[in-house]
Amino acid sequence: MNLEDLGWDDHFRTQFTNQEIEQEILPARISQGHRGGFYSVLCDEGEFLAEMSGRMQHAAKDGGGLPAVGDWVTIRTYKEKNRAIIHGLLERKNSLSRKGVSGRKSEIQGKITEQILAANIDTCFLINALDNDFSVRRIERYLTTVYNSGITPVVILNKTDLVPDPEEYLDQINKVIFGVPVIPVCGLTNSGIIDLSAHIKAGKTIVFIGSSGVGKSTIINRLFGVERQRVNPVREYDQKGRHTTTSRELMLLPEGGIVIDTPGMREFQPWMVEEEIEEAFNDIEELSLNCKFRNCTHESEPGCAVQEAIRAGELDTGRYNNYMRMKREARFIEERTNLGTQQTERKRWKAITKLQKQIKKDW
Ligand SMILES: Nc1nc2c(ncn2[C@@H]2O[C@H](COP(=O)(O)OP(=O)(O)OP(=O)(O)O)[C@@H](O)[C@H]2O)c(=O)[nH]1
Ligand SMILES: [Mg+2]
Ligand SMILES: [Zn+2]
């Protein structure tokens with residue numbers, strides 16, 4: 001396995017020191033997280049089952065954060081056992097996060113956690129199925145989050161065999177999003193898979209996101225040409241998936257390119273700060289400059305330019321509702337965490353950098 005094929009580049013190379021090379025520390029990429037603090041990692045010596053060093057575990061408890069699938073770490077290998085110890089976490093290029101899965105329970109206790117779905121991503125395939133799953137509004141919400149994470153989105157419309165006219169869906173999407181590639185495919189017949197492959201490149205990482213049952217693992221199997229991932233039929237009565245894929249996994253395609261399969265989510269709740277949403281919906285923000293009141297909430301105030309634009313047919317109601325919903329969610333998250341995404345990220349890196357310096361000193 002070659003490191004460049006795994007996504008290793010200058011961003012990570014510059015963080016890796018000569019001292020580490022002398023100490024026989026190797027860079028490796030997290031391919032899967034397992035129960036009990038174990039990780040599968042890939043490096044130029046192959047695949048290892050790894051655990052964090054005691055120091056790293058300690059730092060993680062202090063807010064340093066855990067490695068996520070897609071992260072680059074530094075390891076020392078114990079080849080005879082195919083085991084490795086993770087000594088450091090390299091700074092991420094980006095990450096795709098959502099509100100913690102334990103959301104409901106922790107919301108009651110007033111605590112929300114950021115869950116990192118995957119790290120160091122180049123492209124996100126947003127997989128949608130042309131059955132009950134299809135929702136332009138959901139695609140729009142996902143896109144906003146993906147863009148704000150600094151990741152290139154590609155919208156995939158799967159199961160084109162289930163509808164008489166897939167073009168109709170393309171039109172619906174093209175009305176609300178601009179400049180994002182939308183690719184219709186069929187996981188059963190392989191139709192469109194070549195167009196999708198055009199977005200896969202050696203050394204670049206693609207994460208597959210979408211509801212359970214939309215066909216993420218099916219498409220990955222097509223790319224491998226073998227049944228690499230388990231798939232299951234959707235429930236007949238409501239076309240909902242059965243949560244077949246249960247953990248995120250990073251895989252190297254035989255023809256080059258890195259894919260991450262993820263378990264289907266009910267809804268991907270974005271982890272964003274309000275300003276990021278304002279940027280994504282800058283048309284609405286611009287309108288609001290003409291509102292009579294500076295602190296207008298654009299709901300029922302007199303002289304609201306946003307409401308005026310809706311009445312005049314200049315602003316789509318769906319887009320407005322989406323904006324309001326995302327802002328509500330962001331405000332909710334911010335109130336509960338008292339920190340924006342950037343601050344959280346900065347705090348985490350501070351803790352990690354501090355720890356890594358300490359480790360190097362101790363050597
Ligand atoms: N009709 C039709 N069915 C498809 C297509 N692609 C996938 N399927 C079926 O959809 C079902 C679900 O596919 P999976 O690949 O398991 O879906 P998934 O997105 O990985 O689901 P989770 O792992 O639960 O998140 C399987 O029965 C597939 O055979 C398609 O293009 N057309
Ligand atoms: Mg799956
Ligand atoms: Zn207003």
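See above for the structure.
None of these values were measured; they are calculated from a predicted model. (Residues numbered from 1 in each chain as written. Chains lettered and ligands numbered in written order. Predicted model: local features only at pLDDT ≥ 70, side-chain atom pairs only at ≥ 80, totals over all residues. Heavy atoms only, no water.)

### Quick look at the overall build of the protein
- The secondary structure content of the protein amounts to 13 helices and 13 strands.
- Burial statistics for the protein: of 363 residues in total, 53% are counted as buried.
- For the protein, the share of sequence-separated contacts (at least 6 apart) that also reach a separation of at least 24 residues comes to 67%.
- Accessible area of the protein: about 18500 Å², with a carbon and sulfur share of 47%. (Helix = DSSP H or I, 4+ residues; strand = E, 2+ residues; numbered from the N terminus. Buried < 20%, exposed > 50% of the residue type's maximum accessible area, 1.4 Å probe, protein only. Contact = heavy atoms within 4.5 Å. Areas by Shrake-Rupley, 256 points an atom, 1.4 Å probe, with all protein chains shown as cover.)

### Some details on the coordination of the magnesium ion (ligand 2)
- Donor atoms from the polypeptide that coordinate the magnesium ion (ligand 2) comprise S217 (OG) and T245 (OG1), at 2.0 to 2.1 Å from the metal. You can see S217 sitting in helix α8 (residues 216-224) and its partner T245 sitting in the loop between α8 and β12 (249-252), a full 28 residues away along the chain. An identical accessibility class is assigned to S217 and T245; each is buried. (Donors = N, O, S within 2.8 Å, 3.2 Å for Na, K, Ca; no water.)

### Regarding the coordination of the zinc ion (ligand 3)
- The protein atoms that coordinate the zinc ion (ligand 3) are C291 (SG), C296 (SG), H298 (ND1) and C304 (SG), at distances spanning 2.1 to 2.4 Å.
- One way to put it: the four donor atoms around the zinc ion (ligand 3) meet at angles of 101 to 114°, and that makes the site tetrahedral.
- Written as a sequence motif, the donor residues of the zinc ion (ligand 3) are C-x4-C-x1-H-x5-C.
- On the accessibility criterion, C296 (11% relative accessible area) is buried. (Tetrahedral: all angles 85-135°; square planar, octahedral: opposite > 155°, others 65-115°.)

### Looking at the site of ligand 1
- Around ligand 1 sit 23 residues, and of these D161, G187, S212, T218 and T245 come closest.
- Between ligand 1 and G213, the relevant distance is 2.9 Å, taken from an oxygen atom to a main-chain nitrogen or oxygen of the residue.
- Here V214 contributes a backbone N or O atom positioned 3.4 Å from an oxygen atom of ligand 1.
- Against a free-state accessible area of 660 Å², the protein chains account for coverage of 91% of ligand 1.
- Looking at the shell around ligand 1, the element that brings in the most residues is α8, giving three residues. (Near = heavy atom within 4 Å. Polar contact = N/O pair within 3.5 Å; in protein donor to acceptor, adjacent residues only side chain to side chain.)

### As for the side chain of T74
- Assignment of secondary structure puts T74 in strand β4 (residues 72-78).
- In this structure T74 comes out as buried when scored by relative accessible area, which is 2%.
- Ignoring sequence-local partners within four residues, the contact set of T74 consists of F16, E20, I25, L26, I85, I86, H87, G88 and L90.

### Observations concerning the nonpolar core
- If you look at the biggest cluster of nonpolar residues, it comprises 56 residues, and the most contacted ones within it are I75, I86, V155, L157, I173 and I209.
- Here this core takes five residues from helix α5 (residues 136-148), the largest share from any one element.
- Taken together, domain 1 (4-92 + 343-362) and domain 2 (122-261) each give at least three residues to this core, which thus spans both.
- If near-sequence neighbours (up to four positions away) are discounted, V155 is found in contact with L126, N128, I139, L143, I173, I177, V180, P181, V182 and I183.
- Among the nonpolar cores identified, the runner-up in size contains 20 residues, and I156, I206, L223 and F224 belong to it. (Core = buried A, V, L, I, M, F, W, Y, C linked by side-chain atoms within 4.5 Å. Domains from an automatic or database assignment.)

### Some remarks on α8
- Along α8, eight of the nine residues are buried, which leaves the element largely enclosed by surrounding structure.
- In this fold, the buried residues of α8 make contact with β8 (123-129), β9 (152-158), α7 (193-197), β11 (205-209), β12 and β13 (258-261).
- One or two positions beyond α8, positive phi appears at G225, with a value near 80°.

### Some thoughts on the environment of P233
- Assignment of secondary structure puts P233 in the loop between α8 and β12.
- Residue P233 is classed as exposed on the basis of its relative accessible area of 55%.
- As for P233 and V214, which are separated by 19 residues in sequence, their C-alpha atoms are 9.9 Å apart.

### Examining α5
- Helix length check: α5, at 13 residues, gives a terminal C-alpha distance of 19 Å against a target of 18 Å (1.5 Å per residue), a fit within 8%.
- For α5, the buried fraction is high: 10 of the 13 residues fall into the buried class.
- The positive-phi residue at the C-terminal boundary of α5 is G150, with phi of around 75°. (Expected span 1.5 Å × (residues − 1).)

### Structural notes on the packing of aromatic side chains
- Scanning the model with the defined rule gives seven aromatic pairs in all.
- Look at W8 and F12: their rings are 6.1 Å apart centre to centre, the planes differ by 20°, and that puts the pair in the stacked class.
- Site record: aromatic cluster; members linked through ring pairs are W8, F12, F16 and W72. (Phe/Tyr/Trp six-rings, centres within 6.5 Å; stacked < 30°, edge-to-face > 60°.)

### A word on the pattern of salt bridges
- This model, assessed by the stated rule, comprises 13 salt bridges.
- Note that D71 and R92 form a salt bridge whose closest N and O atoms lie 2.7 Å from each other. In this pair, D71 is assigned in the loop between α3 (54-64) and β4 and R92 in the loop between β5 (83-89) and β6 (95-99), connecting sequence segments 21 residues apart. Like R92, D71 is buried.
- Notably, a salt bridge pairs D283 with R319, separated by 3.0 Å at the nearest N-O pair. One end of the pair, D283, is in helix α10 (residues 282-288); the other, R319, is in helix α12 (residues 317-337), and 36 residues separate them in sequence.
- Given a relative accessible area of 17%, R319 falls into the buried group.
- Among the charged side chains, a salt-bridge network with shared partners connects R137, E140, D283, D316 and R319. (Salt bridge = Lys/Arg side-chain N within 4 Å of Asp/Glu carboxyl O.)

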